[in-house]
Amino acid sequence: MAVINFGSINIDHVYHVDHFVKPGETLASTKYTQLLGGKGANQSIALAQAGADVKHVGAIHQSDAAFKQTLIRHGVDCQYVACTETASGHAIIQVTPDGENAIVLFGGANQTINEATVRKALSDTRSADWVLTQNETSSIADMLKQAKEKQLKVAFNPAPMSESVKSLPLECVDLLIVNETEAAAITGQDNVEDIVTWFKANWQHGEVILTLGKDGVMMLRKSGDVIKVDAFTVDAVDTTAAGDCFIGYFLSAYSNHTDARQALIRGCAASAIAVTREGAAQSIPQQKEVDRFLAKHV
């Protein structure tokens, strides 16, 4: 089986700062790097590192073709990544000494995906394939509908969260992956207990994964069961791609019929390693690193 990821490809401009810049403030950066990023690209790389057959669907400016080659070197199938005349998506990222980040995003070429792009990318799928998307590209509704018409499993990570998410055909989503902020926006609830209650009553067509940062992760199964897995304790350096790393490693395992709890543990282990490193895609570990980590901590 394969995972077809309709995802953003961004150029990350990363600035290390003492604190997040305040309104009217000019703040000197202590370090600057330019890296491959975007939630879509990060999740594709995490899937590939975890051993999945992943096909990325997206677009980038033709002058940034080197970043497409980076995806290919990581094992991502890029036959559906277009090189266009539209400026690449990019992000301005502030990173503080304690590893927290703040991000300003420009969509660019990520917004050029259209209905025809979706149809072409889904033309040779198989029944066992999964489709994955986030909220950083255009034509998300088309993708959800076409994937469901083909009876493919769909995983949706609505990040960054926006009001437009609520108008999407969410009944097409088999697996919703959200953090507390995103879950609160979808459910209208303020705390985890009420969020879980809302999903149990209103999301019976699919499963939900709720990531809780340092408190771990929770999965609400269609059966009504709730699986809770604790986070691993590590010294965080940069949390930029932690969620993307978790999603890639979890979905790689889960889509290949790994027990849900074990898939969650594997995702948590991979993200724990990622936050100890700087960067987004660059922080995502290889399978053997995750295996070693689990051997020591489980």
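Structural data are supplied above this passage.
Residues numbered from 1 in each chain as written. Predicted model: local features only at pLDDT ≥ 70, side-chain atom pairs only at ≥ 80, totals over all residues. Heavy atoms only, no water.

Q: Any chance you could explain the sheet that holds strand β2 (residues 10-16) here in plain terms?
A: Taken in spatial order, the four strands line up as β3-β2-β6-β7 in an open sheet, and their pairing is mixed. Strands at the two margins of the open sheet, each flanked by one partner only, are β3 (31-37) and β7 (101-106). Strand-to-strand twist across the sheet, computed as the mean angle between neighbouring axes with direction ignored, equals 20°. (Pairing = 2+ DSSP bridges. Helix = DSSP H or I, 4+ residues; strand = E, 2+ residues; numbered from the N terminus. Axes fitted to C-alpha atoms, helices over the stretch in contact; angles between N-to-C directions.)

Q: Honestly, the layout of surface pockets in this entry has me stumped. Any pointers?
A: The probe, sized like a water molecule, is rolled over the atoms to show the empty space still left. Volume-wise, the largest pocket comes out at about 1,300 Å³. At the level of elements, β2, α1 (39-49), β6 (89-95), β7, β10 (175-179), α5 (180-187), α7 (242-254) and α8 (260-274) are the ones that each hand at least two residues to the lining of the largest pocket. The leading source of residues in the lining of the largest pocket is α7, at five residues. For the lining of the largest pocket, the per-class residue count stands at 23 nonpolar, 15 polar and nine charged. Volume-wise, the second largest pocket comes out at about 230 Å³. Around the second largest pocket, the lining residues are Met 1, Ala 128, Trp 130, Lys 153, Asp 174, Gly 206, Glu 207, Lys 222, Tyr 254, Ser 255, His 257 and Thr 258. (1 Å grid on protein atoms, 1.4 Å probe; cavity = no way out; pocket = protein on both sides within 12 Å on 5 of 7 lines; lining within 4 Å. Points joined across faces, edges and corners; volume = space filled by probe spheres on them. Nonpolar A, V, L, I, M, F, W, Y, C, P; charged D, E, K, R; others polar.)

Q: Please clarify how α7 should be interpreted in this entry.
A: Given 3.6 residues per turn, any residue in an α-helix points the same way as the ones three and four places further on. In a regular helix each residue adds 1.5 Å, so 13 residues correspond to 18 Å; α7 covers 18 Å between its end C-alpha atoms and thus fits that length. Those residues of α7 that fall on the buried side of the exposure criterion are Ala 242, Asp 244, Cys 245, Phe 246, Ile 247, Gly 248, Tyr 249, Phe 250, Leu 251, Ser 252, Ala 253 and Tyr 254. (Expected span 1.5 Å × (residues − 1). Buried < 20%, exposed > 50% of the residue type's maximum accessible area, 1.4 Å probe, protein only.)

Q: Honestly, the packing of α1 against α7 in this entry has me stumped. Any pointers?
A: The geometry of a pair of packed helices is captured by two quantities: the angle between their axes and the separation between those axes. At a closest axis distance of 7 Å, the pairing of α1 and α7 adopts a crossing angle of 40°. Judged on the interaxial angle alone, α7 and α1 are oblique. For the pair α1 and α7, the sense of crossing is right-handed. Between α1 and α7, the residues in contact are Lys 39, Asn 42, Gln 43, Ala 46, Leu 47 and Gln 49 and Asp 244, Cys 245, Ile 247, Gly 248, Tyr 249, Leu 251 and Ser 252, respectively. (Parallel < 35°, antiparallel > 145°, perpendicular 65-115°, else oblique. Left-handed = near helix turned anticlockwise from the far one by under 90°. Contact = heavy atoms within 4.5 Å.)

Q: What am I meant to see in the pattern of salt bridges here?
A: In the structure shown here, the tally under the stated rule is eleven salt bridges. The partner of Lys 39 in a salt bridge is Asp 244, and the shortest N-O contact between them spans 3.0 Å. Taken together, the positions of Lys 39 in helix α1 and Asp 244 in helix α7 put the pair 205 residues apart, joining distant regions of the chain. Overall, the relative accessible area of 2% leaves Asp 244 in the buried class. (Salt bridge = Lys/Arg side-chain N within 4 Å of Asp/Glu carboxyl O.)

Q: Could you clarify how one ought to interpret α5 in this entry?
A: Glu 182, Ala 183, Ile 186 and Thr 187 are the residues of α5 that are buried. The buried residues of α5 all sit within an arc of 120° when viewed along its axis, so they share a single face. The secondary structure elements touched by the buried residues of α5 are β10, α6 (192-202) and β11 (207-211). Measuring from the backbone nitrogen of Thr 181 back to the side-chain oxygen at the start of α5 gives 3.1 Å, which picks out Asn 179 as the cap. (Arc of directions from axis to C-beta. Polar contact = N/O pair within 3.5 Å; in protein donor to acceptor, adjacent residues only side chain to side chain.)

Q: It is not clear to me how the packing of aromatic side chains should be interpreted in this structure. Could you clarify?
A: Any aromatic ring pair is given by two values, namely how distant the centres are and how the planes are angled relative to each other. Evaluated as defined, the whole model comprises seven aromatic pairs. Aromatic pair Phe 232 and Phe 293: ring centres 5.1 Å apart, planes at 85°, arrangement edge-to-face. On the criterion of sequence distance, the pair formed by Phe 232 in the loop between β13 (226-229) and α7 and Phe 293 in helix α9 (residues 287-297) is long-range, its members being 61 residues apart. For the residue pair Phe 232 and Phe 293, the accessibility class agrees, reading buried in each case. A network of ring pairs unites the aromatic residues Trp 130, Phe 246, Phe 250 and Tyr 254 as a single cluster. (Phe/Tyr/Trp six-rings, centres within 6.5 Å; stacked < 30°, edge-to-face > 60°.)

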